[in-house]
Every structure is written in structure tokens, then in C-alpha cells.
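# Results of the structural survey
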Amino acid sequence: MAVSAENAPLDAVIAPFLKEPGALLPILHAVQAAFGYVDDAAVPVIADRLNLSRADVHGVLTFYHDFRRKPAGRHVLKLCSAEACQSMGANDLIAQASARLATPMHSTRADGVVTLEPVYCLGLCSAAPSAMLDGQIVGRLTAARLDTLIDGIAA
Amino acid sequence: MITVYVPGDAVAVACGADEVVAALLATGIELTIIRNGSRGMHWLEPLVEVTTSEGRIGYGPVSAGDVAGLVAAGLFEGGEHPLRIGRPEQHPFIASQQRMTFARCGIVDPASMDDYIAHGGGFGLERARALEPTQRIDLVKASGLRGRGGAGFPTGIKWDTVALADSPRKYIVCNADEGDSGTFADRMIMEGDPFELVEGMIIAALCVGADYGYVYIRSEYPHAIRAMEIAIEGARRRGWLGSEFDMEVRVGAGAYVCGEETALLESIEGKRGQVRAKPPLPAHKGLFGMPTVINNVLSLTAVPHIFADGPEVYAAVGLGRSRGTMPVQLAGNCRHPGLYETPFGITLGELVNDIGGGTASGRPVYAVQVGGPLGAYFPPKLFDTPFDYEAFTKAGGLIGHGGITVFDDTVDMAGMARFAFEFCAAESCGKCTPCRIGATRGVETMDKIIAGDRPEANLELIADLAETMKFGSLCALGGFTPYPVMSAITHFPEHFNRRALALAAE
């Protein structure tokens, strides 16, 4: 694919990494940070700039849990579902969040307000259960505290 | 000027440390606030410390709402208050530890290289520079240091292999993809004393002749990523990095399997995190095909201490072939969770009951999982097992990265065994069949057992499947998933045959 004006914003994001060895992950992170997700249309462009096949880029993009191929909700609530958080009642909190936000885990609600997903370990196992809301970490989560977080999303 | 320490460690932040800082600033009193790391007493976080004439006095756990009352009680002079814990280093949880790797963690300002040097940092590197290359590796061998990532491989031998390899380029890679639930030692040291890791990597580079390094940190650790980037920049300004050796942070993307060393190397190369078949070993053909030292954070951070104080000091503590200290992490349903650095040899029961204080819920301790999601579940009757690589292997488990997750008697062990398979299925890189297919079949079979469908025949099937996964998988993800599954079945059989038990009870 030739460099074209319509790819200019994408190229501006990609360019700083092109000389780095193993640049694909840093590029995918940067694209996601800039656009919120990695659109399918970006795949051939990234492949071209790195001299990789589309399949290579697609393979990496779909391998890692972090990368999104669709926009996330305006808010992203991640609930830790690892063993340490389970030992402190994480599964009840997951059920509570799903019910109150009316959306199952691993999903973005149809109105685009919120994405609810599990995270496998925030390293806050000594302050379990834990969560991350829009990048902010929360430890020692309780049902009441979760309700407050959800009230903030809904407001 | 009054100096107040409010940890910037992720646990403290998750429990309201930033709000405490805001409340302190709102008092209008002129303060120097230092965002230190955590001391490791996580149930006391945020642990606020004030410098007084008697040394640093701690208060915890402090919430933003406590600040006004604390100030009124004379916080800045170390005044009495229900949250006052006195001098943190005299707290029994700290005083009973033998801190080597974590000696500075929670004490120094992690963003200040001057503070690092003022607290003895850099001395190991100085000693290493004064030695011949072969003497350096002999010193690591003499310490008895074994890889802290889980496998326990002797570090000196790994380094020797890389040093002897003939190559125009060699790499030092630090595995900071701390994905195990119940572990946070890597996160804590990177957030609390990041220069120690930088120093350890520079010494490793000197030992093997490497000129570039990567710290691969998981994306779930934004605070650690930031702390390491600040430290690397500081070390460059000081001239520690940049000429002979330089390094950078690489951020993972939420794949547990990238904690496996060859998958991690693939990930740095920009590929899917798929496990490589060994041989060749990374020491021969590692990152970008070059000889590579790949070590865990705790292995590399032990190194400056070994050089500064001499290998004999390190080798003098421990049990059997497990030398030195292990930063044990107490987590989950635990009354006094946190990080406890201690020589190998302490028993599991001492750690869980005496140090950890039992469960947070106050109910009986029912099971503990040691070594992350691929570690075995231990019942209290095995609590006399000493913390030591060999002893844990003998007891059918592993110490892994040193995490202990405590469960009370409300735990559903069949559910936990199912979760182990489910986790393996979600995180499998897909390269080998036993892991990719076995984990999914494991979930299905465990569902049948939980539903009461021919539990005995299906448990036999699980045992057979576990055997195949253990011996047929390419790496520890598939190979160790049988540990949590089979330990749960062996030690808690009553959880796996509920319908039969219910029928018997009628």
C-alpha cells in the first residue's frame, strides 16, 4: 500500500517506532492509545510500513488480550478475576457489576457507555478484591464501593 | 521543613494514597511529600510516615478523612493517635525479616538516584567493575543464587553460558511479566527501588559482555512502567547507562504466557507470544537470535547485594540448595497480607498463620495456593513443609515466584480446579496440543464432575489428562496446570463427589 494522505494520522503515530527492533507491539500500543482501538483498516498500513504480511499483523493483534478491534465504551471497568481476588469474593462482585450495568463480562453495552471485562491480576493481591476503572486502580473493593463506582459511570 | 512519606506504590494508591496527599496539601502547611515505595505491610497501606527527632514514625492505614484528626493529634511531631504504629522498622512484621533485596524498599525515594546512592546503591556495581569478568561470574556462582522466576536454575551457570558464547551482540532481558495471582514482589521493587534492578542489569551485562537490555513489564502495571522509565532516565543522566550498556522498557499486552521466557522473547521481537521449543536455549540463541541472559526481577535485584556484601553473606542463609532469601508474598484472604523477605527454610504454616495472621475473614484457613495459578493447593495438614525448592517439589507443589494465596473454608475447590483449566485454556499460546486442547477438555470434564455426572470415571479421565499435559506440554503453562487441579482433587476429595456424598447422606 502506498503512503497516502488518508493514512497521515496513522503514519504520524507509527513513524517514531519504525527503526526500533521488534516494533510491532509498541506500534499497536501507540495506535490504540491514539485511536482507542486498532481498526481493521490500519492492519495493511502497519504491515506495509514494517514489511510484514497482513497475516503477521493480524496474528499479533488477535493474540494479545489488550488490543481492541472495536472501540471500547466511554468507561472501561475491569474487575480482577484471579485467585487472590476470588478468595475475597470477586465472583460476587462480577455478578453484581454485570447485573447493575446490564451487560455481561467481556462486553461493551449497546449504548456505548461502558465496557465490562475481567483482568487477570493487577498485582493488588494483598488488597483484594481489586478493579480498574478508566485506568484508575481500586483496592479493597466492597459491594458498597463497587456500587459507588457504578453510580459514577451511570451519572 | 517537615518531610512526609506517602507511598506511591500501586497498593497504597489503590487504597487512597493520592487522596491522602491531596488532603495533606489542603492543610496549607508547608510540607515536603515524598512518594516512597511500600514497606510491604500492605494491610497498613497507605502507611504515612513523618520524619521526627526519633526517626520516621508511621501511621496506617490512613484515609483522606483521617488527615485532619492526625494533624490535630500532632502528626508532624509523631504525636499519639490510634493509627500510630511507631517506627516501621521496629514493627514485628519488619523486624523479624531478613531484608536483602528489599532493604531499601519503602525507605528511599524511588525517583531519586541520589537517594539510592546515599543508601548504599551502586556499591555492588563498583565492586563488579573492579573484578575480572571470570571472577564476576565465579562470585555469582559462589552465592548459590537460583532464578527466582520459578524454575530455580542456578544463575551463575546461565550467565557463564552466555559469557562463553561468541557473538557480536548479547542481550540482558529482565522478565517483569509478573502474571501470577498472589505475587507482587516484582511490582513492589520496581515501584519502590527501581535503581536496584537497573544496577543488577548493568552488573549482568558486565559479567557476560552484553550491550543492550530490555525490561519486559506487563501492561497491567502502569505504575511500575513509569517508575522504571524514570529510573532508566536517571541512570542515563548519571552515566550509568548509555555508553557501554543501555536498556529500555518494553510493555506487554495482556498475555500470561509471555511470562514464559521464550514467549517473552518472541513478544519483544514483535511476534505472537508463542513458546519456542528448547534447545536452543536463550543463552545460546535468545533475543533476535543472539545469546541472551533472561532473568526474573528478583534474581537481578539480588545481584547488587551479592556483589556489595560478598557472596558468602548471601550463601550463609537458606536451606539445602536454596540459598539466600525469598521475598514471600502473602495475599488473598489473609489478615496481614504483604511482602515478607526471609531466608529459605521457614515453614508454610509459620508464614500463613504466624506472619500472615490467618484469614482476613476470621474463618478457618482451608487451603493455600503457593506459586501462582500453576501452583498446588496445600491443606493445613501440610503446613510443616519448609519453604525450599526441593521440599515443595517433594510435597507435590512448587514455590514458583513465592506467592501464597490464602482461602478460607467457603472456597469451592472443584470450582478452583475448573478455574485452573479455564485459565490455561484462555492463556494457552496454542502451539502444543496437550495445553491447547487438554485445557478445554479439562474444563468440560470438570463441568461433568461438578454436575455429578459419573464423577469417579471422569476423575480418572482428569488424572489421565493431567499426566498427558504434565509430560507432553512444551512449557510450564500446560505442564503445571495439573498442579492446582490434582492437588485440589488429592487434598480435598470431598469437593469433587458431591452428588455421591449427598446420596450417601440420605
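Quick look at the structure, then. Note that the structure is a prediction, hence the values are computed from the model and not measured.

## A look at a negative patch on the surface
Residue and element names in this part refer to chain B.
- A contiguous patch of negative charge on the surface is contributed by Glu-456, Glu-460, Asp-464 and Glu-467.
- Mapped onto the elements of the fold, Glu-460 is located in helix α19 (residues 455-472).
- Owing to a relative accessible area of 62%, Glu-460 belongs among the exposed residues under this scheme.

## Here's the deal with the interface of chain A and chain B
- Counting residues at the interface gives 36 residues for chain A and 62 residues for chain B.
- A buried area of about 3400 Å², summed over both sides, lies between chain A and chain B, and 59% of it is on carbon and sulfur atoms.
- The largest per-residue losses of area from chain A upon contact with chain B belong to Phe-63, Glu-83 and Tyr-120 of chain A, which jointly make up 19% of the total buried on that side.
- Where chain A touches chain B, the interface holds 1 salt bridge.
- Close ionic contact of Glu-20 of chain A with Arg-250 of chain B constitutes a salt bridge, the shortest N to O distance being 2.8 Å.

## Quick word on unusual backbone geometry
- Note that the residue after Gly-60 of chain B, namely Pro-61 of chain B, is joined by a cis bond; omega there is -10°.
- Its place among the elements puts Pro-61 of chain B in the loop between β4 (55-59) and α3 (67-72).
- A positive phi is found at Arg-140 of chain A, a non-glycine position, where the angle reads about 45°.
- A positive phi angle is found at Arg-454 of chain B, which is not glycine, with a value near 40°.
- Within the secondary structure, Arg-454 of chain B is located in the loop between α18 (433-450) and α19.

## Description of the nonpolar core
- Ranked by internal contacts, the top residues of the largest apolar core, which has 154 residues, are Ile-46 and Tyr-64 of chain A together with Trp-159, Met-190, Ile-217 and Phe-496 of chain B.
- Counting residues per element, this core draws most heavily on helix α10 (residues 194-208) of chain B, at 11 residues.
- For Tyr-64 of chain A, the residues in contact, after removing those within four places along its chain, are Leu-25 of chain A together with Tyr-216, Ala-253, Ala-255, Cys-258, Ser-267, Lys-271, Arg-272 and Gly-273 of chain B.
- Listed in part, the 31 residues of the second largest apolar core include Leu-44, Phe-93, Leu-330 and Phe-392 of chain B.

## A look at the pattern of salt bridges
- By the definition in use, this model includes 38 salt bridges over all chains.
- Two residues, Glu-117 of chain A and Arg-68 of chain A, come together in a salt bridge whose shortest N-O distance is 2.9 Å. Placement of Glu-117 of chain A in strand β3 (residues 114-119) and of Arg-68 of chain A in the loop between α4 (54-63) and β1 (75-80) is noted, with a sequence separation of 49 residues between them.
- The buried category is assigned to Glu-117 of chain A, whose relative accessible area is 16%.
- The buried category is assigned to Arg-68 of chain A, whose relative accessible area is 17%.
- Across the pair Arg-321 of chain B and Glu-390 of chain B runs a salt bridge, and its minimum N-O distance is 2.8 Å. With a gap of 69 residues between them, Arg-321 of chain B in the loop between β10 (318-319) and β11 (322-323) and Glu-390 of chain B in helix α16 (residues 389-394) connect regions that are remote in the sequence.
- Overall, Glu-390 of chain B belongs to the partly exposed group, its relative accessible area being 30%.
- Among the charged side chains, a salt-bridge network with shared partners connects Arg-39, Glu-49, Arg-56, Arg-87 and Glu-89 of chain B.

## So, the packing of aromatic side chains
- Under the defined criterion, the tally for this structure stands at 20 aromatic pairs over all chains.
- Plain terms: the ring middles of Tyr-120 of chain A and Phe-419 of chain B are 6.3 Å apart, the flat faces sit at 20° to each other, and that makes the pair stacked. Of this pair, Tyr-120 of chain A sits in the loop between β3 and β4 (131-133) while Phe-419 of chain B is found in helix α17 (residues 413-427), placing the two residues in two different chains. For the pair formed by Tyr-120 of chain A and Phe-419 of chain B, the shared burial category is buried.
- Relative to Phe-392 of chain B, the ring of Phe-378 of chain B has its centre 5.0 Å away and its plane inclined at 55°; by these criteria the two rings are tilted. Linking Phe-378 of chain B in strand β15 (residues 377-378) with Phe-392 of chain B in helix α16, this pair joins segments that are 14 residues apart in sequence. As far as burial versus exposure is concerned, Phe-378 of chain B and Phe-392 of chain B are alike and both buried.
- Each member of the aromatic cluster is reached from another via a ring pair, and the members are Tyr-120 of chain A together with Tyr-256, Phe-419 and Phe-423 of chain B.
- Stacked on the ring of Tyr-5 of chain B, the Lys or Arg Arg-56 of chain B has its end atom at 3.5 Å from the ring centre.
- Above the ring of Tyr-221 of chain B, the side-chain terminus of Arg-218 of chain B is found at 4.8 Å from the ring centroid.

## Overview of helix α9 (residues 185-192) of chain B
- Counted residue by residue, α9 of chain B has 8 buried out of 8 residues, so it is predominantly covered.
- Of the positions making up α9 of chain B, those classed as buried are Ala-185, Asp-186, Arg-187, Met-188, Ile-189, Met-190, Glu-191 and Gly-192 of chain B.

## Some words on helix α8 (residues 155-164) of chain B
- The complete set of buried residues in α8 of chain B reads Thr-155, Gly-156, Lys-158, Trp-159 and Val-162 of chain B. Seen from one end, α8 of chain B has its buried residues packed into an arc of 160°, which puts them on one side.

## Here we look at the sheet that holds strand β9 (residues 292-296) of chain B
All names here are of chain B.
- Strand order in this open sheet of 4 strands is β8-β7-β6-β9, and the pairing throughout is parallel. Of all the strands in the sheet, just β8 (246-251) and β9 have a single pairing partner and so form its edges. Mean inter-strand twist for the sheet, computed between neighbouring axes without regard to direction, equals 20°.
- Note: strand β7 (residues 212-217) against β8, 6 bridges, orientation parallel. Bridge pairing in β8 places Tyr-216 opposite Arg-250.
- Sheet contacts for α9: β6 (171-176), β7 and β9; angle to β6, the most-contacted strand, approximately 115°.
- On top of the sheet, helix α11 (residues 222-237) reaches β7 and β8; it is set at about 165° to β8, its chief contact.

Calculation rules
Residues numbered from 1 in each chain as written. Chains lettered and ligands numbered in written order. Predicted model: local features only at pLDDT ≥ 70, side-chain atom pairs only at ≥ 80, totals over all residues. Heavy atoms only, no water. Patch = residues over 30% accessible without salt bridge, like charges linked within 9 Å, V, L, I, M, F, W, Y side chains within 5 Å. Areas by Shrake-Rupley, 256 points an atom, 1.4 Å probe, with all protein chains shown as cover. Salt bridge = Lys/Arg side-chain N within 4 Å of Asp/Glu carboxyl O. Lys, Arg positive; Asp, Glu negative; His and termini not counted. Charge placed at Lys NZ, Arg CZ, Asp CG, Glu CD. Helix = DSSP H or I, 4+ residues; strand = E, 2+ residues; numbered from the N terminus. Buried < 20%, exposed > 50% of the residue type's maximum accessible area, 1.4 Å probe, protein only. Contact = heavy atoms within 4.5 Å. Buried area = accessible area lost by both parts, 1.4 Å probe. Core = buried A, V, L, I, M, F, W, Y, C linked by side-chain atoms within 4.5 Å. Phe/Tyr/Trp six-rings, centres within 6.5 Å; stacked < 30°, edge-to-face > 60°. Lys NZ or Arg CZ within 6 Å of the ring centre and 35° of its normal. Arc of directions from axis to C-beta. Pairing = 2+ DSSP bridges. Axes fitted to C-alpha atoms, helices over the stretch in contact; angles between N-to-C directions.

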